[in-house]
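Here is what each chain is made of, one letter per residue.
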Amino acid sequence: MKQKNTKKQSSKKQSSKKQTSKKQSSKKNVNNEGKLPIIHILAEPGSGKTTLGLKLKDYSNKFAIIELDDIDDPIALKMLDTPKYLKLALSKKDSDNEKFENIKDNKGVIQINKLIKKYQKENKIVVITGLSIDIKNIEITDKYFINIDPKKLFKQLNLRTLNTIIKQHKEIQSLIENENPEKINLMLLYKYELRAPFLADYNDISRFLENRIKEHKDYKLILFDEIYNDIISKYC
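In this text the structure is predicted, and so the values were computed from the model without any measurement.

(A) Region of interest: the overall build of the chain. Across its full length, the chain carries 10 helices and five strands. Looking at the chain as a whole, 39% of its 236 residues qualify as buried. Looking at the chain as shown, the accessible area adds up to about 15200 Å², and 50% of this sits on carbon and sulfur atoms.

Take a look at the structure:
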């Protein structure tokens, strides 16, 4: 009888451990306030934001990735097909360009909020990557900035741009031959995803990176792998 009781007690302990483990696992999906976290990964173009987001998603299906460029580009292209918005985008007045950006961002934020609600209903941890939409009014719980050496960024950004040009050279050639010259740069940015001129100047890259870091002092500035490990250790 004693042996049976011992077995029952052992079984209960193991069951209790499993339940505790499940509770601890589910708790990792929430932050200190009991809310599902919203993570933002920020960096200059070519730093690896998208790659980092995909790496997190590959690690666990509890992560849902929102790539800002995937939202911003279609909105911008649709606006550029509308004469009143195209006029704002092509205007030489900074105020008109700013108005175009504000309208575009507002449309983007609406879509982002819808996606956040959808993913949170599915109990997902939302990871937003990118900088093309102003998301200052979205409550971000974890803010990261990829710390990258300017020389490495110079190589990564220009090689990515070169690869994009090579893959789409026929379409880009047709664009240059047939499109309104004033509109070409906007189309290269939003349709062909050329985020920088080629060849991007090293000094410009260094300066933009330094300024961006200063503008986002509330973001945790650490290396690519450190961000990945930090998020995994917190929520997985």
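(B) Main features of the sheet that holds strand β5 (residues 220–222). Strands sit in the order β2-β3-β1-β4-β5 across an open sheet of five strands; the sheet is parallel. Both edges of this open sheet fall to β2 (63–67) and β5, since each of them pairs with a single strand only. When the angles between neighbouring strand axes are averaged without regard to direction, this sheet yields 25°. Here strand β1 (residues 38–42) runs beside strand β3 (residues 125–129); their pairing, made up of four bridges, is parallel. If you follow I41 over to β3, its bridge partner there is T129. Of the strands in this sheet, β1, β2, β3 and β4 (142–146) are in contact with helix α2 (residues 49–59), which crosses β2 at around 160°.

(C) Just the environment of N185, in detail. By the secondary structure assignment, N185 is in helix α8 (residues 181–190). Sequence separation between N185 and R195 is 10 residues, and the spatial gap between their C-alpha atoms is 10.0 Å.

(D) View of a nonpolar patch on the surface. On the surface, L159, L162, I166, F198 and L199 cluster together into a nonpolar patch covering about 480 Å² of accessible area. Structurally, L162 can be placed in helix α6 (residues 150–167).

(E) The arrangement of the packing of aromatic side chains in detail. Under the defined criterion, the tally for this structure stands at two aromatic pairs. Their ring planes at 80° and their centres at 6.0 Å tell us that F154 and Y202 sit as a pair that is edge-to-face. Of this pair, F154 sits in helix α6 while Y202 sits in helix α9 (residues 202–215); the two residues are 48 residues apart in sequence, bridging distant segments of the chain. Between K55 and the ring centre of Y228, over which it is positioned, the NZ or CZ distance is 4.3 Å. Positioned above the aromatic ring of F208, the side-chain terminus of R207 is 5.4 Å from the ring centre.

(F) Summary view of helix α4 (residues 83–90). Residues Y85, L86, L88 and A89 constitute the buried set of α4. Relative to the axis of α4, the buried residues are bounded by an arc of 160° and lie together on one face. Facing away from the buried side of α4 by over 90 degrees, the exposed positions are P83, K84 and K87. Looking at the buried positions of α4, the neighbouring elements they touch are α3 (68–80), α5 (94–121) and α8.

What counts, and at which threshold
- Residues numbered from 1 in each chain as written.
- Predicted model: local features only at pLDDT ≥ 70, side-chain atom pairs only at ≥ 80, totals over all residues.
- Heavy atoms only, no water.
- Helix = DSSP H or I, 4+ residues; strand = E, 2+ residues; numbered from the N terminus.
- Buried < 20%, exposed > 50% of the residue type's maximum accessible area, 1.4 Å probe, protein only.
- Areas by Shrake-Rupley, 256 points an atom, 1.4 Å probe, with all protein chains shown as cover.
- Pairing = 2+ DSSP bridges.
- Axes fitted to C-alpha atoms, helices over the stretch in contact; angles between N-to-C directions.
- Contact = heavy atoms within 4.5 Å.
- Patch = residues over 30% accessible without salt bridge, like charges linked within 9 Å, V, L, I, M, F, W, Y side chains within 5 Å.
- Salt bridge = Lys/Arg side-chain N within 4 Å of Asp/Glu carboxyl O.
- Phe/Tyr/Trp six-rings, centres within 6.5 Å; stacked < 30°, edge-to-face > 60°.
- Lys NZ or Arg CZ within 6 Å of the ring centre and 35° of its normal.
- Arc of directions from axis to C-beta.

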